[in-house]
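Coordinates in review
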Amino acid sequence: MRIGVFGGTFDPIHKAHMEVAEFARDQFELDLIYIVIAGDPPHKQGERTPGEIRYEMVKRACIGRKGLMASDIELKREGKSYTVDTLKEFRRIHPSDELFLIIGADMLASFESWYKPDEILQSVQLIAVGRMNIDTEAIAKHIGEKYGSKVLISSMLEMDISSTQIRDAVKNARSISGLVEQDVAIYIYESGCYMEPEYNLYRQKLQKDLAPQRYLHSIGTSYYAVELACFYGADSKKARIAGLLHDCAKLPSYQAQIALAIAYHMPDTVIALAPALLHAPLSGVRAKCEYDIDDVEIINAIDCHTTGRENMTLLDKIIFVADKAEPVREYEEAGELRKLVFGGIDKAVLFAMDRSIEHAKSKGGKIDNRTQIARESIIKTMEENQ
């Protein structure tokens, strides 16, 4: 077998990393590539995200990708993580297979300063991935001549994506959909890495308050709300919090929700709402009372995320749609909605409302008056904008 080893801190792993691995797999006919999460690399200083979180992100990035496998071999070792030691471990695991070490042009340029480079080249062949402004071929030729080992050069150039860029985007509630795989993006939100402390306080409390699947839905809604807010020009930080807390009062039983509504002294008209509707206004109040949310726009968006309301704001619409289209949702209508959502927010809201109305009618339920008013308001806005 032909085995590739591709290492890095992967904090987080991104689409450029996956492109490098897949391209090398195909170009050099590799049967398997281990994507190795660095433990304590000697050339990197400063704090890093815990290894188990980085490992989980790499595992998720490899889902559905033939011949790519996450490896925690360095995380299991104590002390500095030298490449030569890692390769010895892989040689022990694959004593009769061909081993290839995949590195970027910047790493190739510093290769001679690595710990025991000669020993590395005794056990593996290098595959170098080029980068603009680096003469990869000249460096490869020099190393090949010095160590007597030809360096293979990938015919692709590295994409201009950095993990620092992604960490900054997450911290500031910017879109990361084009930078990391969706499963990785959801896990970033689920684990809270790179997030501001305020968001993580809400997230940690929410995880205690909700059932696991409801929590994951809330994480998905938070992520998707940011993507929509960035696309449509809404306040993405407000969207992230509203998406996270939109179901914060979706307690396991309807009776528990009623008891909470009574404890909050909510009006009888609200307490009498159907089980599918009560949790929305209840979540708005709980977000204010127990999560200390004092932003009226956020509370209003949470309050109307099931029914809508007249003259919905852009944030209202984003949370309304994100709740129904977030990636964790698997039902057919969610997939249809995701196809529509970037073609116009009003169209997406109307589609979601119409599906909700159809579903309610099929179950013999009543249509909430707020939904009827909201729907008419959306149609009027669409007609005025034609």
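Just so it is clear, the model here is predicted, and its values are computed rather than measured.

The rules behind each value
- Residues numbered from 1 in each chain as written.
- Predicted model: local features only at pLDDT ≥ 70, side-chain atom pairs only at ≥ 80, totals over all residues.
- Heavy atoms only, no water.
- Axes fitted to C-alpha atoms, helices over the stretch in contact; angles between N-to-C directions.
- Helix = DSSP H or I, 4+ residues; strand = E, 2+ residues; numbered from the N terminus.
- Parallel < 35°, antiparallel > 145°, perpendicular 65-115°, else oblique.
- Contact = heavy atoms within 4.5 Å.
- Nonpolar A, V, L, I, M, F, W, Y, C, P; charged D, E, K, R; others polar.
- Pairing = 2+ DSSP bridges.
- Phe/Tyr/Trp six-rings, centres within 6.5 Å; stacked < 30°, edge-to-face > 60°.
- Buried < 20%, exposed > 50% of the residue type's maximum accessible area, 1.4 Å probe, protein only.
- Lys NZ or Arg CZ within 6 Å of the ring centre and 35° of its normal.
- Expected span 1.5 Å × (residues − 1).
- Bend = angle between axes of the 7 residues up to and from the residue.
- Polar contact = N/O pair within 3.5 Å; in protein donor to acceptor, adjacent residues only side chain to side chain.
- Salt bridge = Lys/Arg side-chain N within 4 Å of Asp/Glu carboxyl O.
- Disulfide = S-S within 2.5 Å.

Another aspect to go through is the packing of helix H16 (residues 314-325) against helix H17 (residues 332-340). The packing of two helices is summarised by the inter-axis angle and the distance between the axes. Interaxial distance between H16 and H17 falls to 8 Å at its minimum, and their mutual angle equals 135°. Classified by the angle between their axes, H16 and H17 sit oblique to one another. Contacts between H16 and H17 involve Val321, Lys324 and Ala325 on the former and, on the latter, Ala334, Leu337 and Arg338. Here the residues of the contact of H16 with H17 are counted per class, giving four nonpolar, no polar and two charged.

Bringing the sheet that holds strand S6 (residues 152-157) into the picture now. Spatially, S3-S2-S1-S4-S5-S6 is the arrangement adopted by the six strands of the open sheet, whose pairing is parallel. Each edge of the sheet is formed by a strand with only one pairing partner; in this case those strands are strand S3 (68-71) and S6. Between one strand and the next, the sheet's axes are offset by a mean angle of 25°, whatever the strand orientation. As paired strands, strand S4 (residues 98-104) and strand S5 (residues 125-130) are joined by five bridges and run parallel to one another. The partner of Ile103 across the bridge, within S5, is Ala128. The strands that helix H2 (residues 51-61) touches are strand S2 (32-37) and S3; relative to S2, the one it contacts most, it runs at about 155°. Together, strand S1 (2-8), S2, S3 and S4 form the strand contacts of helix H3 (residues 83-93), whose direction differs from that of S4 by roughly 150°.

Enumeration over the complete set of coordinates arrives at 11 aromatic pairs. Geometrically, the ring pair formed by Tyr224 and Phe342 is edge-to-face, given 6.5 Å between the ring centres and 75° between the ring planes. Residue Tyr224 is located in helix H10 (residues 212-232), and its partner Phe342 is located in the loop between H17 and helix H18 (345-362); the two are separated by 118 residues in the primary sequence. What makes Phe342 partly exposed here is its relative accessible area of 38%. In textbook terms, an aromatic cluster arises when at least three aromatic residues are bridged by ring pairs, as seen for Tyr224, Phe231, Tyr232 and Phe342. The ring of Tyr291 is capped by Lys205, whose NZ or CZ atom sits 5.0 Å from the centre of that ring.

Once that is clear, we can look at helix H14 (residues 275-289). With 15 residues, H14 should cover 21 Å at 1.5 Å per step; its first-to-last C-alpha distance of 21 Å lies within 8% of that length. Where H14 bends most, the angle comes to about 25°, and this point is Leu282. Taken as a whole, H14 has its buried residues at Leu277, Leu278, His279, Ala280, Pro281, Leu282, Ser283, Gly284, Arg286 and Ala287. Packed against the buried residues of H14 are helix H9 (197-209), helix H11 (236-245), helix H12 (254-263), helix H13 (268-271) and helix H15 (296-303).

As a further point, take the side chain of Asp323. Checked against the element boundaries, Asp323 lands in helix H16. At a separation of 3.3 Å, a polar atom in the side chain of Asp323 contacts the side chain of Lys324. Residues contacting Asp323, with those up to four places away along its chain left out, are His217, Thr221, His246, Asp247, His305 and Arg329.

On to H11. Burial analysis of H11 places nine of its 10 residues in the buried class, which makes it a mostly covered element. Turning to H11, its buried residues are Ser236, Lys238, Ala239, Arg240, Ile241, Ala242, Gly243, Leu244 and Leu245. The N-capping residue of H11, defined by a side-chain oxygen 3.1 Å from the backbone nitrogen of Lys237, is Asp235.

Under the counting rule described, the total for this entry stands at 30 salt bridges. Where Lys205 meets Asp209, a salt bridge forms, and the shortest distance between an N and an O atom there is 3.2 Å. One end of the pair, Lys205, and the other, Asp209, are both in helix H9, four residues apart, so they sit about a helical turn from each other. A salt bridge links Arg309 to Asp316; the nearest nitrogen and oxygen atoms lie 2.7 Å apart. The class of Arg309 is partly exposed, set by a relative accessible area of 23%. Among the residues examined, Asp316 registers a relative accessible area of 0% and is labelled buried. The structure contains a network of salt bridges with shared partners spanning Glu22, Arg25, Asp26, Arg65 and Glu181.

Any covalent bond linking the sulfur atoms of two cysteines counts as a disulfide. Throughout the structure, instances matching the rule amount to zero disulfides. Between Cys62, a cysteine without a disulfide, and Cys193, which holds the nearest cysteine sulfur, the sulfur-to-sulfur distance is 17 Å. Of the residues examined, Cys62 reaches a relative accessible area of 8% and is grouped as buried.

What follows is about the environment of Leu278. Tracing the chain through its elements places Leu278 in helix H14. Setting aside its immediate chain neighbours within four residues, Leu278 contacts Tyr254, Gln257, Ile258, Val270, Ile271 and Leu273.

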